[in-house]
4 protein chains.
Amino acid sequence: MARGVNKVILIGNLGADPETRYTANGNPVTNLRLATDESYKDRNTGQMVPRTEWHRIVMFGKIAEVAGQYLRKGSKVYIEGRLQTNKWQDQSGQDRYTTEIIVDINGQMQMLDSRGGDSAGTGGGAPGAAQGGAPQGGGGYAPQGGDQNQGTGMPDPVDDFDDDIPF
Amino acid sequence: MARGVNKVILIGNLGADPETRYTANGNPVTNLRLATDESYKDRNTGQMVPRTEWHRIVMFGKIAEVAGQYLRKGSKVYIEGRLQTNKWQDQSGQDRYTTEIIVDINGQMQMLDSRGGDSAGTGGGAPGAAQGGAPQGGGGYAPQGGDQNQGTGMPDPVDDFDDDIPF
Amino acid sequence: MARGVNKVILIGNLGADPETRYTANGNPVTNLRLATDESYKDRNTGQMVPRTEWHRIVMFGKIAEVAGQYLRKGSKVYIEGRLQTNKWQDQSGQDRYTTEIIVDINGQMQMLDSRGGDSAGTGGGAPGAAQGGAPQGGGGYAPQGGDQNQGTGMPDPVDDFDDDIPF
Amino acid sequence: MARGVNKVILIGNLGADPETRYTANGNPVTNLRLATDESYKDRNTGQMVPRTEWHRIVMFGKIAEVAGQYLRKGSKVYIEGRLQTNKWQDQSGQDRYTTEIIVDINGQMQMLDSRGGDSAGTGGGAPGAAQGGAPQGGGGYAPQGGDQNQGTGMPDPVDDFDDDIPF
DNA sequence: TTTT
DNA sequence: TTTT
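Residues numbered from 1 in each chain as written. Chains lettered and ligands numbered in written order. Predicted model: local features only at pLDDT ≥ 70, side-chain atom pairs only at ≥ 80, totals over all residues. Heavy atoms only, no water.

- An unreviewed UniProt entry lists chain A under the name Single-stranded DNA-binding protein, from Halovibrio salipaludis.
- Regarding chain A, the UniProt comment filed under Function (unreviewed entry) reads as follows: "Plays an important role in DNA replication, recombination and repair. Binds to ssDNA and to an array of partner proteins to recruit them to their sites of action during DNA metabolism."
- Taken from UniProt, the Subunit (unreviewed entry) comment for chain A reads in full: "Homotetramer." (UniProt positions renumbered as here; feature names shortened; annotations may be inferred.)

## What to know about the overall build of chain A
For step 1, the next point in the chain: Each helix and strand in chain A was counted, giving one helix and eight strands.
For step 2, the next point in the chain: Seen in sequence order, chain A has helices and strands lined up from the N terminus as β-β-β-β-α-β-β-β-β.
For step 3, the next point in the chain: Scored against the burial criterion, the 167 residues of chain A give a buried share of 60%.
For step 4, the next point in the chain: Long-range contacts, defined as pairs at least 24 residues apart, comprise 60% of the intrachain contacts of chain A with a sequence gap of at least 6.
For step 5, the next point in the chain: Counting only carbon and sulfur atoms, one obtains 45% of the accessible surface of chain A, whose full area is about 6500 Å². (Helix = DSSP H or I, 4+ residues; strand = E, 2+ residues; numbered from the N terminus. Buried < 20%, exposed > 50% of the residue type's maximum accessible area, 1.4 Å probe, protein only. Contact = heavy atoms within 4.5 Å. Areas by Shrake-Rupley, 256 points an atom, 1.4 Å probe, with all protein chains shown as cover.)

## What to know about the protein's contact with DNA strand F
For step 1, the next point in the chain: Taken together, A:R3, D:N13, D:L14, D:G15, D:R33, D:A35, D:D37, D:T52, D:W54, D:K73 and D:G74 make up the full set of residues adjacent to DNA strand F.
For step 2, the next point in the chain: What you see for DNA strand F is that sugar and phosphate hold 42% of its atoms within 4 Å of the protein.
For step 3, the next point in the chain: Here a sugar or linking oxygen of DNA strand F sits 3.2 Å away from a polar atom, N or O, in the main chain of D:L14.
For step 4, the next point in the chain: The separation between a base oxygen of DNA strand F and a polar side-chain atom of D:D37 is 2.2 Å.
For step 5, the next point in the chain: Listing elements by their share of the surface near DNA strand F, those giving two or more residues are strand 1 (5-14), strand 3 (28-41) and strand 4 (48-60) of chain D. (Near = heavy atom within 4 Å. Polar contact = N/O pair within 3.5 Å; in protein donor to acceptor, adjacent residues only side chain to side chain.)

## Things to note about the environment of D:A64
Residues and elements named next belong to chain D.
For step 1, the next point in the chain: As for its placement among the helices and strands, A64 is situated in helix 1 (residues 62-70).
For step 2, the next point in the chain: The buried category is assigned to A64, whose relative accessible area is 0%.
For step 3, the next point in the chain: In sequence terms A64 and K7 are 57 residues apart; their C-alpha atoms lie 18 Å from each other.

## A few points about the relation of the copies chain C and chain B
For step 1, the next point in the chain: Of the transformation superimposing chain C on chain B, the axial component is 0.0 Å and the angular component is 180°, with the fit at an RMSD of 0.1 Å. The transformation just described matches what one would write down for a two-fold rotation axis. It is C:V8 whose C-alpha, among those of chain C, lies nearest the rotation axis, at 2.3 Å. (Least-squares fit on C-alpha atoms with pLDDT ≥ 70 in both.)

## Comments concerning the confidence of the model for chain A
Residue and element names in this part refer to chain A.
For step 1, the next point in the chain: Averaged over all residues, the pLDDT of chain A is 74; the fraction at 70 or higher stands at 66%.
For step 2, the next point in the chain: Confidence scores differ between elements of chain A, with strand 8 (residues 120-121) showing the lowest mean pLDDT of 43 and strand 2 (residues 19-22) the highest of 98.
For step 3, the next point in the chain: The low-confidence segment residues 116-167 (pLDDT under 50) makes 115 contacts with residues lying over four places distant or belonging to another chain. (pLDDT = per-residue confidence, 0-100.)

## Focus on the interface of chain C and chain B
For step 1, the next point in the chain: With 36 residues of chain C at the interface, the matching set in chain B holds 36 residues.
For step 2, the next point in the chain: Buried surface at the junction of chain C and chain B, summed over both partners, amounts to about 2600 Å²; 41% is from carbon and sulfur atoms.
For step 3, the next point in the chain: Counting across the interface, chain C meets chain B through two salt bridges.
For step 4, the next point in the chain: Between B:E38 and C:R82 there is a salt bridge, and its shortest N-O distance comes to 3.3 Å.
For step 5, the next point in the chain: Listed by contribution, the elements that provide at least two residues to the side of chain C that touches chain B are strand 1 (5-14), strand 3 (28-41), strand 4 (48-60), strand 5 (76-89) and strand 6 (95-103) of chain C.
For step 6, the next point in the chain: For the side of chain C that touches chain B, the leading source of residues is strand 1 of chain C, giving seven residues.
For step 7, the next point in the chain: Here the side of chain C that touches chain B is composed, by residue class, of 12 nonpolar, 12 polar and 12 charged.
For step 8, the next point in the chain: The pairing of strand 1 (residues 5-14) of chain B with strand 1 of chain C spans seven bridges and is antiparallel. Paired with B:V8 across the strands is C:V8, a residue of strand 1 of chain C. (Buried area = accessible area lost by both parts, 1.4 Å probe. Salt bridge = Lys/Arg side-chain N within 4 Å of Asp/Glu carboxyl O. Nonpolar A, V, L, I, M, F, W, Y, C, P; charged D, E, K, R; others polar. Pairing = 2+ DSSP bridges.)

## Examining the pairing of strand 6 of chain C
Residue and element names in this part refer to chain C.
For step 1, the next point in the chain: In terms of burial, strand 6 is a largely internal element, seven of the nine residues being buried.
For step 2, the next point in the chain: Two strands pair when backbone bridges link them, and strand 4 and strand 6 are joined in this way by three bridges, in the parallel orientation. Each residue of the ladder has a partner; that of I57, found in strand 6, is I101.
For step 3, the next point in the chain: Pairing analysis gives eight bridges linking strand 5 to strand 6, with the strands arranged antiparallel.

## Quick word on the protein's contact with DNA strand E
For step 1, the next point in the chain: Close contacts around DNA strand E come from B:R3, C:N13, C:L14, C:G15, C:R33, C:A35, C:D37, C:T52, C:W54, C:K73 and C:G74, and that covers them all.
For step 2, the next point in the chain: The sugar-phosphate portion of DNA strand E accounts for 41% of its atoms within 4 Å of the protein, the bases making up the rest.
For step 3, the next point in the chain: Within the contact set of DNA strand E, a sugar or linking oxygen lies 3.3 Å away from a backbone nitrogen or oxygen of C:L14.
For step 4, the next point in the chain: Secondary-structure elements contributing two or more residues to the surface near DNA strand E are strand 1, strand 3 and strand 4 of chain C.
For step 5, the next point in the chain: The element best represented in the surface near DNA strand E is strand 3 of chain C, accounting for three residues.
For step 6, the next point in the chain: Considered class by class, the residues forming the surface near DNA strand E number three nonpolar, four polar and four charged.

## Some remarks on the side chain of C:S75
Residue and element names in this part refer to chain C.
For step 1, the next point in the chain: Following the sequence through the fold, S75 ends up in the loop between helix 1 (62-70) and strand 5.
For step 2, the next point in the chain: For S75, the side chain forms a polar contact with the main-chain oxygen of R72, separated by 2.8 Å.
For step 3, the next point in the chain: Every residue in contact with S75, bar those within four places of it in the chain, is listed here: G12, N13, L14, Y70 and D113.

## Quick word on helix 1 of chain D
For step 1, the next point in the chain: When we look at burial in helix 1 of chain D, the residues that qualify are D:I63, D:A64, D:V66 and D:A67. The buried side chains of helix 1 of chain D occupy one side of the element, clustering within an arc of 165° when seen end-on. (Arc of directions from axis to C-beta.)

Structural data, given as structure tokens:
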């Protein structure tokens, strides 16, 4: 039983196609990069300045399968999950931390694109969730150490999904 | 699968002891009256005016039992559920509507009184949430990464995912 | 100050065009009927049965104006507000209660239709939300850290906080 | 205006006393370390295994002051904010990222310790928690807005649980 | 009374 | 590093 609350609610757009892999047991795991667009008021100019926040989403179970099948780069989606920060060591042995939003059977996902194919919500509603054997993917989860992010300024608005995604 | 989102989050105090009854099938149903204290600014006086909002909560399943056992008049509690408006007829045959917050296996409840006995959260942990050897299950609590993750690169949740190492 | 939490989060579709009226002071008030689609598993047939829940939304302020202008019957929308139950008397003098979701400056609204014109979020960010030289203000959009944060240690939000560099 | 949703809701305990600093402009900024306790079911033993997740909270504005004054190591608190990941460079010039929960004027904070001194919610209502004036209809914080409100008074505050509970 |  |  949880003795606390740890909840994240996001609506945003995918920065790239989802990546789905399967565990040795055949359980699907899908990784998403999600952009939420916000803005803040510049105190000097009084103008609203756009800001894009990028989130790492990791999905498990049936919801992971549905996301892998129906979501695509640019898809708008509602996500409910929980925060989790993982500790790891980089090549130099230094402690590093990565924060992700975990979407599992306790989470929820809703496609918000009319074009989109389908939607899936969990939380008791996804019984059985039978899984087949599974393609064994390669790595793909490991975000390449993070140094690939050599942008020169603000991450681009989500409108342009051809740009690099920060971190 | 839901094609929408319907979520209510409340923190408040019970106005009376909970009332638990059982269905013909022996399933517990607990009713609560919950008060949330708020305030608004009076536009004439500029003063903050307190306001109490009362909510009807209906709980099902294990969460209903826990609430019936441990909550009491005055208990402070966190509740997550969904809105539901029921239609009924009064004595004169007129249509009437009552809006309740439903807390079932998809909801959550957290006791916030130190005095209080215990807390209960659902969503996977609740009885009935088949989880045994089933493939999907573990995903929910995916112990990927964690302090013990002493690898030299990014943690690979998928691998650890099938392991049994606590975190 | 609130001593409780009273939050509602909905994603659904309008059952009819919004209705906007104005108070004696000229403040806009918009009423919406919102449908959230859900489903539950019939315990006898094991089938998922669709269910539509209808919600009464009442919006105030700028958000009411935007909703009145851009939302239409069928529009998909994200709404964040609070529950409020109003007491009134019907013709026979009987007490009646109506539960609504209030969306004011503390709430939020997001249009989720690509067709739709615009989106509006409140919570201090709305235009007119006086923020000028006031000390507190900027905190709201605190551009602490970000790409330009080229320090050699952890980012120090407080320093950047007074800067004007976007992020 | 935000075109997305980025919301975090946490209930947990402080791992240490809050640290409050002030910007050059005199704006308070408070940092918290918050632990949320969860648990997952070990698939081999079937036992629930506890898990603690740690979160970095950064507060701005009045809420930062209140937190600095009243919260202490061990305090239980409800927090609503948004996710933000900051990029910075470590001593070796490597890109690093830190994810924080920002609690500003759009966020909320509620102390959940009875011992605790006070609570503070933002979102327009903030300053001057003075009480007194009489209820007045309409307006941004519209107490049961609408002409149909023919009640005989506001419902009683939750403090007195011996009073009748409305409807 | 909506939507996919 | 918290809490029950």
